[in-house]
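# Summary of structural features
Listed here are the chains, written in short residue letters.
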Amino acid sequence: MALRALVGCKRVIDYAVRVRVKPDKTGVVTDGVKHSMNPFDEIAVEEAVRLKEKKVVSEIIAVSCGPAQCQETLRTAMAMGADKAIHVEIPSPQYETLQPIHIAKIMAKLATDQKADIVILGKQAIDDDCNQTAQMTAAFLDWPQGVFASKIDKEGDGLTVMREIDGGLETIKVKLPAVISADLRLNEPRYATLPNIMKAKKKPLDKKTPADLGVDLKPRIQVLSVEDPPVREAGAKVADVDELISRLKALGRI
Amino acid sequence: KSTLVIAEHDNASLKSITLNAIGAANKIGHEVTCLVIGSNCSKAADQLTKVEGVKKVLVADNAAFEGFLPERLTPLILASHKQFNFTHIIAGASAFGKGLLPRVAAKLDVSPVSDVIGIKDEETFTRTIYAGNAVMTLKVTDAIKVLSVRGTSFEAAKVGGGSGALEKAADGEYKNDLSSFVKQELAKSDRPELTSAKTVISGGRGMKNGDNFKLLYELADLLGAGVGASRAAVDAGFVSNDLQVGQTGKIVAPELYIAVGISGAIQHLAGMKDSKTIVAINKDPEAPIFAVADLGLVADLFKAVPEMTEKVKAMKS
């Protein structure tokens, strides 16, 4: 039996943009800044599409939570191969205190409503660098988790997952339904082609609110400040290897 | 008020990040309990009783914990929490801690804080966002604080001098069939582990291929250094991902960091800019890595690295 897949697509400041902290220290500048799909979520979408090409997955539902612009991110996911999309609308003031715990509750509810068998998420978003949503989604569903995955294979009624761990790789088996988080080496995401971008415009995109899903977005943290990191001063250039070695020796480093 | 530290170990011995996590717990200042979950893990538990600041060591020794699966560890951690009502639950921000803690936090309905780099008071913490390009100070409003802490940001608690009491952790049926452990393939290396090495030498795209990393291994062995890589080098397939230093890889802060053929993308800098001395060897004088390097050498790495190896060898003999 082919699986129904739910994939998460977070809209984040593009990885190539140099992020600037706001002068009032409340956050970083997002207005007029290029945004893209979180790179790890692109890997998650790609993996779902590949599983569909292998006939393991029958339908892919892409989800994004946030302001209206998230719909562009969802169109990208559909241009890559997702069949339909759900935009969970979260207006801007609430979006600022949104944490992975809230997203995980939304994903868990949608996984149940959509009768998903597998949820694939990026291992971390490159804006808040939390690395929590997949683990928490699995916990809310009481499903197993295969996080930091670099390879997944369907075997019997479960998945064999190769995971990136400190010092090497680990292989585990998880029963389906399960939550997977995508690490860097799981695959290389495809670029959406122009015909697929056109086709994606016609694919269904549903809108929901957290209230529809019964998820409480009460803030769990209070952001006191967002500041620039301490600046590291560049030192000197050395002329050659001899000078490098003598300087390192003087510093007691070698 | 008391803090629980979840120990990371391989049954025979503690991982060094556990000591950093205990260091962070000592900073919060409440009584510290450690939880050791494993199979035949009494050696790791004994080590913990000697760590400074540890009052109690809870031990859960059960074959079901082979492979440290979060689906089995979580119910035990919840049972221990029920027993002792901790205000803080802490683990190191490693693959182990990051995989496990959010699952525990979700079950407690609290929002965890990842990769904490500073503790201002018992509910106020600092962490980096955007690959270290901004530092956030936040107050946790949940009653239980679940934190993963960055090893390089907290001094390791001293081993010796502690007198923690061993105690059996809550009994229960922790085996379940949600997940099962198959195998681990750890890269075999005599070099020090990246996150605890005093010296780290990393190679980037400029290394051109995986074979050329031999140049770095030779120098590393002379200096007793660990070897890392940039994401570009991992993406290009030169070396395996467990060597990756950066935003989504390992965070290191050694006394000496030597970046070879690494341009210095912000994602890489996030993983190494707290190193005490940074050396950059790159043929491009405009490479951004030189903006953070204490000592920059503009040179062809294929000449400079072997020359350095020869000269260090001569110096040591």
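Residues numbered from 1 in each chain as written. Chains lettered and ligands numbered in written order. Predicted model: local features only at pLDDT ≥ 70, side-chain atom pairs only at ≥ 80, totals over all residues. Heavy atoms only, no water.

Keep this limit in mind: UniProt positions are given in the numbering used here, feature names are shortened, and annotations may be inferred rather than shown by experiment.
Identification of chain A as Electron transfer flavoprotein subunit beta from Folsomia candida is taken from an unreviewed UniProt entry. Per its UniProt entry, chain A bears the Sequence similarities (unreviewed entry) comment "Belongs to the ETF beta-subunit/FixA family." What the UniProt record of chain A gives under Subcellular location (unreviewed entry) is the line "Mitochondrion matrix".

## So, the sheet that holds strand β6 (residues 124–129) of chain B
Formally: One bridge is not enough; two strands pair if DSSP finds at least two bridges between them. Strands are runs of DSSP state E lasting at least two residues, helices are runs of H or I lasting at least four, and both sets are numbered from the N terminus onward. Here an axis means a line fitted to C-alpha atoms, over the contact stretch when the element is a helix, while the angle between two N-to-C directions is reported on a 0 to 180 degree scale. Residue contacts are defined here by distance: any two heavy atoms, one from each residue, within 4.5 Å place the two residues in contact.
Strand order in the open sheet formed by 10 strands is β12(A)-β7(B)-β6(B)-β5(B)-β8(B)-β4(B)-β1(B)-β2(B)-β3(B)-β9(B), and the pairing between neighbours is mixed. Only two strands of the sheet have a single neighbouring strand rather than two, namely β12 (221–227) of chain A together with β9 (165–168) of chain B. Averaged over all pairs of adjacent strands, the angle between strand axes in this sheet comes to 35 degrees, irrespective of strand direction. Across 7 bridges, strand β2 (residues 31–38) of chain B lies against strand β3 (residues 54–61) of chain B in parallel orientation. When the bridges of β3 of chain B are listed, V32 of chain B appears paired with V54 of chain B. The strands touched by helix α2 (residues 42–49) of chain B are β2, β3 and β9 of chain B; relative to β3 of chain B, the strand with the most contacts, the crossing angle is about 175 degrees.

## A look at the pattern of salt bridges
Inclusion rule: Salt-bridge detection follows one rule: a side-chain nitrogen of Lys or Arg within 4 Å of a carboxyl oxygen of Asp or Glu. Burial classes: relative accessible area under 20% of the type maximum marks a residue as buried, over 50% as exposed, and values in between as partly exposed (1.4 Å probe, protein chains only).
Under the definition given, this model contains 34 salt bridges over all chains. Of the charged contacts in the structure, one is a salt bridge between E255 of chain B and R253 of chain A, with a shortest N-O distance of 3.8 Å. Linking E255 of chain B in the loop between α6 (231–235) and β13 (256–260) with R253 of chain A in the segment after α8 (241–250), this pair reaches from one chain into another. In this structure, the salt-bridge partner of R150 of chain B is D115 of chain B, at a minimum N-O distance of 3.1 Å. One end of the pair, R150 of chain B, is in the loop between β8 (145–149) and β9; the other, D115 of chain B, is in strand β5 (residues 113–121), with 35 residues separating them in the sequence. In this pair, the class of R150 of chain B matches that of D115 of chain B, namely buried. Through salt bridges that share partners, E46, R50, E53 and R190 of chain A make up one connected network.

## Section: the environment of N131 of chain A
Residues and elements named next belong to chain A. The line we're drawing: Two N or O atoms count as a polar contact when they lie within 3.5 Å, although within protein this holds only if one can serve as hydrogen donor and the other as acceptor, and sequence-adjacent residues are included solely when both atoms are side-chain atoms.
Counting through the fold element by element, N131 comes out in the loop between β6 (118–122) and α5 (133–141). In this structure N131 comes out as buried when scored by relative accessible area, which is 4%. A polar side-chain atom of N131 sits 3.0 Å from a polar atom in the side chain of Q135.

## With respect to a nonpolar patch on the surface
Stated precisely, the cut-off is as follows: A patch consists of residues exposed above 30% relative accessible area that lack any salt bridge, with like charges linked at up to 9 Å and nonpolar side chains (Val, Leu, Ile, Met, Phe, Trp, Tyr) linked at up to 5 Å. In this description, accessible areas are obtained by the Shrake-Rupley approach with a 1.4 Å probe, and a residue is regarded as covered only by the protein chains that are shown.
Together, L194, I197 and M198 of chain A make up an exposed nonpolar region whose accessible area comes to about 290 Å². Relative to the assigned elements, I197 of chain A resides in helix α6 (residues 194–200).

## A word on the interface of chain B and chain A
Our working rule: In short, buried area is how much 1.4 Å probe accessible area vanishes from two parts on joining, totalled over both. Asp, Glu, Lys and Arg are counted as charged, while Ala, Val, Leu, Ile, Met, Phe, Trp, Tyr, Cys and Pro are counted as nonpolar; the rest, among them Gly, fall into the polar class.
With 87 residues of chain B in contact, the opposing surface of chain A contributes 77 residues. With both chains or domains summed, chain B and chain A bury close to 7,000 Å², and 55% of this area falls on carbon and sulfur atoms. It is R103, Y130 and L295 of chain B in chain B that bury the most area against chain A; as a group they hold 10% of the surface buried on that side. Applying the counting rule to chain B against chain A returns 8 salt bridges. Run the count over chain B and chain A and you get 48 residue pairs in polar contact (both at pLDDT 80 or more). The residue makeup of the side of chain B that touches chain A, split by class, is 41 nonpolar, 23 polar and 23 charged. Across 7 bridges, strand β9 (residues 168–175) of chain A lies against strand β10 (residues 179–186) of chain B in antiparallel orientation. Across the sheet, residue E170 of chain A finds its bridge partner in β10 of chain B, namely Q184 of chain B.

## A look at the packing of α5 of chain A against helix α4 (residues 95–107) of chain B
Counted only if it meets this: Any angle that falls under 35 degrees is termed roughly parallel, while one over 145 is termed roughly antiparallel, one within 65 to 115 roughly perpendicular, and all others oblique. A clockwise turn of the near helix away from the far one marks a right-handed crossing, whereas an anticlockwise turn of less than a right angle marks a left-handed crossing.
Orientation of α5 of chain A relative to α4 of chain B, taken along the N-to-C sense of each, is 45 degrees, at an axis distance of 8 Å. By the angle class used here, α5 of chain A and α4 of chain B are oblique. Between α5 of chain A and α4 of chain B the crossing geometry is right-handed. Contact with α5 of chain A, carried on its side by Q135, M136, A138, A139 and F140 of chain A, involves K98, G99, P102, R103, A105, A106 and K107 of chain B of α4 of chain B and no other residues of that element. Of the residues contributing to the contact of α5 of chain A with α4 of chain B, the split by class is 7 nonpolar, 2 polar and 3 charged.

## Thoughts on the packing of aromatic side chains
Residues and elements named next belong to chain B. Cut-off, in case you're wondering: Two aromatic rings, drawn from Phe, Tyr or Trp (for Trp, its six-membered ring), form a pair once their centres lie within 6.5 Å of each other, and the interplanar angle then sorts them: stacked below 30 degrees, edge-to-face above 60, tilted otherwise.
Summed over all chains, the structure comprises 4 aromatic pairs over all chains. Considering the side-chain rings of F65 and Y174, the 5.7 Å spacing of their centres and the 35 degrees angle between planes classify their relative orientation as tilted. Taken together, the residues F65 in the loop between β3 and α3 (70–84) and Y174 in the loop between β9 and β10 connect sequence positions 109 residues apart. By the burial criterion, F65 is buried, and Y174 matches it. Ring geometry for F213 against Y217: centres 6.5 Å apart, planes inclined by 50 degrees, an arrangement best described as tilted. Highlighted residues: F213 and Y217, both in helix α5 (residues 213–223), separated by 4 residues, approximately one helical turn. For F213, a relative accessible area of 0% puts it in the buried group.

## A few points about the UniProt feature "domain: Electron transfer flavoprotein alpha/beta-subunit N-terminal" (unreviewed entry) in chain A
Mapped onto this structure's residue numbering, the UniProt feature "domain: Electron transfer flavoprotein alpha/beta-subunit N-terminal" (unreviewed entry) falls at residues 25–217 of chain A. Summarising residues 25–217 of chain A: 33% helix, 31% strand, and an end-to-end C-alpha distance of 23 Å.

## Thoughts on the sheet that holds strand β4 (residues 57–66) of chain A
Judged by pairing direction, the sheet is mixed, and its 10 strands sit side by side in the order β11(A)-β5(A)-β4(A)-β1(A)-β6(A)-β10(A)-β7(A)-β8(A)-β9(A)-β10(B) without closing on themselves. Bordering the open sheet on either side are β11 (205–208) of chain A together with β10 of chain B, each of which pairs with just one other strand. Put simply, the sheet's adjacent strands are angled 30 degrees from each other on average, direction ignored. Bridge count for strand β5 (residues 84–89) of chain A against β11 of chain A is 4 bridges, and the pairing is parallel. Across the sheet, the residue bridging to I86 of chain A is D206 of chain A, located in β11 of chain A.

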